[in-house]
Amino acid sequence: MNSKTKGILYVITAAFGISMMSVFVHLSGDLPSFQKAFFRNAVSLVFVAAIMLKQHTSFIPKKGSLPSLFFRSLFGTIGLVCNFYAIDRLVLADANMLNKLSPFFAIIFSVFLLNEKPSLAQILGVVTAFTGSLFIIKPTMSGYSAFPAFMGALGGLGAGAAYTFVRRLGKNGENSFLIIFFFSAFSCLVCLPFMMVHPTTMSTKSLIYLICAGISACIGQFGITRAYIYAPAKEISVYDYSQVLFAALFGFLMFGQVPDLLSVIGYCLICGAGIAMFFYNKRHVA
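Residues numbered from 1 in each chain as written. Predicted model: local features only at pLDDT ≥ 70, side-chain atom pairs only at ≥ 80, totals over all residues. Heavy atoms only, no water.

### Section: the pattern of salt bridges
Moving on, step 1. Summed over the entire model, instances satisfying the criterion amount to two salt bridges.
Moving on, step 2. Close ionic contact of K100 with D240 constitutes a salt bridge, the shortest N to O distance being 2.5 Å. With a gap of 140 residues between them, K100 in the loop between α4 (92-99) and α5 (102-113) and D240 in the loop between α10 (233-236) and α11 (242-255) connect regions that are remote in the sequence.
Moving on, step 3. Take K100: its relative accessible area is 9%, and that puts it in the buried class.
Moving on, step 4. Residue classification places D240 among the buried positions, given a relative accessible area of 18%. (Salt bridge = Lys/Arg side-chain N within 4 Å of Asp/Glu carboxyl O. Helix = DSSP H or I, 4+ residues; strand = E, 2+ residues; numbered from the N terminus. Buried < 20%, exposed > 50% of the residue type's maximum accessible area, 1.4 Å probe, protein only.)

### Examining the side chain of R72
Moving on, step 1. Summarising the element assignment, R72 is placed in helix α3 (residues 66-89).
Moving on, step 2. We note that R72 is buried and unpaired, the nearest opposite charge coming from E174 at a distance of 11 Å. (Lys, Arg positive; Asp, Glu negative; His and termini not counted.)

### Some remarks on the environment of G173
Moving on, step 1. Turning to its location among the elements, G173 is positioned in the loop between α7 (143-171) and α8 (176-197).
Moving on, step 2. A relative accessible area of 41% places G173 in the partly exposed class.
Moving on, step 3. A C-alpha to C-alpha distance of 9.1 Å links G173 and S65, two positions 108 residues apart in sequence.

### Here's the deal with unusual backbone geometry
Moving on, step 1. Phi at H56 takes a positive value of approximately 55°, unusual for a residue other than glycine.
Moving on, step 2. Its place among the elements puts H56 in the loop between α2 (33-54) and α3.
Moving on, step 3. The class for H56 is exposed, based on a relative accessible area of 73%.

### A short note on the side chain of Q35
Moving on, step 1. The residue Q35 is located in helix α2 in this model.
Moving on, step 2. Not counting chain neighbours up to four residues away, the residues in contact with Q35 comprise M195, T200 and M202. (Contact = heavy atoms within 4.5 Å.)

### Re the packing of aromatic side chains
Aromatic ring pairs are described here by two measures, namely the spacing of the ring centres and the angle between the planes.
Moving on, step 1. This model, assessed by the stated rule, comprises 15 aromatic pairs.
Moving on, step 2. Aromatic pair F16 and F250: ring centres 5.8 Å apart, planes at 75°, arrangement edge-to-face. Taken together, the residues F16 in helix α1 (residues 3-27) and F250 in helix α11 connect sequence positions 234 residues apart.
Moving on, step 3. Overall, the relative accessible area of 12% leaves F250 in the buried class.
Moving on, step 4. With centroids separated by 6.1 Å and ring planes inclined at 10°, the aromatic side chains of F75 and F165 adopt a geometry described as stacked. Here the residue F75 occupies a position in helix α3, and F165 occupies one in helix α7, the gap between them amounting to 90 residues.
Moving on, step 5. Taking relative accessible area as the criterion, F165 reaches 5% and is therefore assigned buried. (Phe/Tyr/Trp six-rings, centres within 6.5 Å; stacked < 30°, edge-to-face > 60°.)

### A closer look at the nonpolar core
Moving on, step 1. Ranked by internal contacts, the top residues of the largest apolar core, which has 48 residues, are F84, M97, L98, L101, F104 and I270.
Moving on, step 2. If sequence neighbours within four positions are ignored, L101 has contacts with A129, F130, S133, A153 and I270.
Moving on, step 3. Residues V48, F177, F181 and C218 belong to the second largest nonpolar core, which totals nine residues. (Core = buried A, V, L, I, M, F, W, Y, C linked by side-chain atoms within 4.5 Å.)

### Overview of the packing of α5 against helix α6 (residues 120-137)
Moving on, step 1. Where α5 contacts α6, the two axes come as close as 9 Å, and the packing angle between them is 135°. As judged from the angle between their axes, α5 and α6 are oblique. In this structure, the crossing between α5 and α6 has a hand that is left-handed. Listed contacts from α6 to F104, F105, I107 and I108 of α5 are Q122, G125, V126, A129 and F130.
Moving on, step 2. Grouping the amino acids of the contact of α5 with α6 by side-chain chemistry returns seven nonpolar, two polar and no charged. (Axes fitted to C-alpha atoms, helices over the stretch in contact; angles between N-to-C directions. Parallel < 35°, antiparallel > 145°, perpendicular 65-115°, else oblique. Left-handed = near helix turned anticlockwise from the far one by under 90°. Nonpolar A, V, L, I, M, F, W, Y, C, P; charged D, E, K, R; others polar.)

Okay, here's the thing in structure tokens:
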């Protein structure tokens, strides 16, 4: 099995893990999004810390990494909480698709944070993706009905900003496990006060589901990390959209969810923009 094939398999495995995380978050019931985010990241924190200790990886960031680690964790936490809010109130495929706006938000943030100038193709991709998001959000709906979709899009924005800071950390040579550890620890600390102010009793079943969500998220995070070790993003990133297919399948089989026609049009526009940018990057990015 060559490196590219391994990278593709890891990306699809990661997409499956993130989709299962959405399922378990949804199954955990009517709990505050901050509480769900806390337990999801607590599991990741334990797993990553164990790996770092086993590999004797330093818990001290490289010089100059701390500000980027802070903003990566801040925007990542915002993105995660908003995504969980959307998962609880939208069709799973809708919530996952809105979160897939993150690469396009990353292009926008890279202009301001990394001084990167987008190409015309990238600008068209961003416009197309945001047009697709409007079909999912349906802004002509009542404010109450549209709000979860706007939160889902905000989750994509947070993730896109976080990924931009991850790129900056990568350029600084920061360890990927330390980035995940810092984010998980930061998110737990931020979510904990909200849990204490508005405590909600969990059933044993809800706790088990949230632990499963954390394990699934770990599979997703490590799958992506391994994927990009084996192959560059321009060769395998398009397969990450399999996450939406998994989410639609699980949503239908487990919850009887069927996306409406406007949402399907939105999926086609966002996935189409992502696939087009994949081929553009493959041709034009060295």
